[in-house]
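Chain by chain, the residues:
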Protein chains: 2
Amino acid sequence: MKGLDALNAHYLAMPPVAAMQVKAVFHGDDVLALSAPLAANVNDKGCAFGGSMAGVMTLAAWGLLTLKLEAEGLPCEVYVADSHVRYLKPLYADLEAQARFEPDVDWTAFLRSLRARGRARAAMLATLHDPEGNVVAELSGRFAALRPA
Amino acid sequence: MKGLDALNAHYLAMPPVAAMQVKAVFHGDDVLALSAPLAANVNDKGCAFGGSMAGVMTLAAWGLLTLKLEAEGLPCEVYVADSHVRYLKPLYADLEAQARFEPDVDWTAFLRSLRARGRARAAMLATLHDPEGNVVAELSGRFAALRPA
């Protein structure tokens, strides 16, 4: 199993992620899109719970880096190191997230570090948008990749 | 129902928070402590899922501000506006979070803004620690309070 199917199996194996019903729905050229139903992620005000919004964006970025490393033939353990989330407006619809790499990520330097030292960090971006396409939350974070010993 | 019981009912009413089995366990002088079992919040590596770590810290800060406003006789809708999370080390135990206000929060100015404009923001801190007391993750964030119309 590879790609989106493997990633979805990976998500489902994590109890809190299974509870959020997160699903990878699209993997394109350095973009990964996830979806999660509002019903499983709703707060007391009828809109998306902030923790779920942050969680889905974190999983999108984590998943994109995981898939990228697999495609390079360098499967790694991927961890989130830090993240900054801005909540721009309430979301009264399913959670639709997209992750990308920060434009200034030097992928050659990243792979060089990974091969030489067994670890590397990449800056990543993720957004959540509403059905009209407005960005309702955004995450910027650094993710660490570690080669298995 | 007031205080911790009301807060726990509030948490349980949110499906993603119920799934995380988050429970408020202590409310002291401007401190709120939450707990959540590792089993409901575990990732593929056997340690706490980053999204759950961020979620529990967000809920702790959210809960502390909610209780503080209730105690002031000013119940509000409380929202997270932005947050910065640092993940310092993996956590292989139950999630134990503590929230506090940032030391420089001017509570008098906060209440003045809330009474005059119906809204105010406070900077808050939350940490997660392991059974030995080491901080494994920390969150700093701004939370907005809105008076019901």
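Residues numbered from 1 in each chain as written. Chains lettered and ligands numbered in written order. Predicted model: local features only at pLDDT ≥ 70, side-chain atom pairs only at ≥ 80, totals over all residues.

**With respect to the pairing of strand E4 (residues 95-101) of chain A**
All names here are of chain A.
- Among the seven residues that make up E4, five are buried, leaving the element largely enclosed by the rest of the structure.
- Inspection of the sheet shows E4 paired to strand E5 (residues 119-129) by six bridges, in the antiparallel sense. Residue pairing across strands places Glu96 opposite His129, the latter belonging to E5. (Buried ≥ 20, exposed ≤ 12 C-beta atoms within 10 Å, placed from the backbone. Helix = DSSP H or I, 4+ residues; strand = E, 2+ residues; numbered from the N terminus. Pairing = 2+ DSSP bridges.)

**Notes on the interface of chain A and chain B**
- Contact with chain A, which involves 31 residues of that partner, is made by 31 residues of chain B.
- Listing elements by their share of the side of chain A that touches chain B, those giving two or more residues are helix H2 (15-20), helix H3 (50-71) and strand E3 (77-87) of chain A.
- The element that contributes the greatest number of residues to the side of chain A that touches chain B is E3(A), accounting for nine residues.
- Class assignment for the residues of the side of chain A that touches chain B results in 16 nonpolar, 10 polar and five charged.
- Where E3(A) and strand E3 (residues 77-87) of chain B come together, five bridges link them in antiparallel fashion. In the strand pairing of E3(B), Ser83(A) is matched with Val85(B). (Contact = placed C-beta atoms within 7 Å. Nonpolar A, V, L, I, M, F, W, Y, C, P; charged D, E, K, R; others polar.)

**Concerning the sheet that holds strand E4 (residues 95-101) of chain B**
- As summarised here, the arrangement of the 12 strands in space is E1(A)-E2(A)-E4(A)-E5(A)-E6(A)-E3(A)-E3(B)-E6(B)-E5(B)-E4(B)-E2(B)-E1(B), forming an open sheet in which the pairing is antiparallel. The open sheet has two edge strands with one neighbour each: strand E1 (23-28) of chain A together with strand E1 (23-28) of chain B. The mean inter-strand angle of the sheet, taken between neighbouring strand axes irrespective of direction, is 25°.
- Direction of pairing for strand E2 (residues 31-36) of chain A relative to E4(A): antiparallel, over a ladder of five bridges. Paired with Ala36(A) across the bridge in E4(A) is Leu95(A). (Axes fitted to C-alpha atoms, helices over the stretch in contact; angles between N-to-C directions.)

**Examining the confidence of the model for chain A**
- In this model, chain A carries a mean pLDDT of 95, and residues with pLDDT of at least 70 account for 99%.
- Across the interface, the model reports ipTM at 0.93; the global pTM reads 0.95. (pLDDT = per-residue confidence, 0-100.)

**Some thoughts on the relation of the copies chain A and chain B**
- Mapping chain A onto chain B calls for a rotation angle of 180° and an axial translation of 0.0 Å; the resulting RMSD is 0.0 Å. Taken together, the rotation angle and the small translation identify this as a two-fold axis. By C-alpha distance to the rotation axis, the residue of chain A lying nearest is His84(A), at 2.2 Å. (Least-squares fit on C-alpha atoms with pLDDT ≥ 70 in both.)

**Here's the deal with the packing of helix H1 (residues 3-12) of chain B against helix H3 (residues 50-71) of chain B**
Residues and elements named next belong to chain B.
- As a packed pair, H1 and H3 sit with axes 11 Å apart at the nearest point and diverge in direction by 135°. Accordingly, the angle class assigned to the pair H1 and H3 is oblique. Considering the relative orientation of H1 and H3, their crossing is right-handed. Taking contact as the criterion, the partners of Gly3, Leu7 and Tyr11 in H1 are, on H3, Leu59, Gly63, Thr66 and Leu67.
- Of the residues assigned to the contact of H1 with H3, the class counts are four nonpolar, three polar and no charged. (Parallel < 35°, antiparallel > 145°, perpendicular 65-115°, else oblique. Left-handed = near helix turned anticlockwise from the far one by under 90°.)

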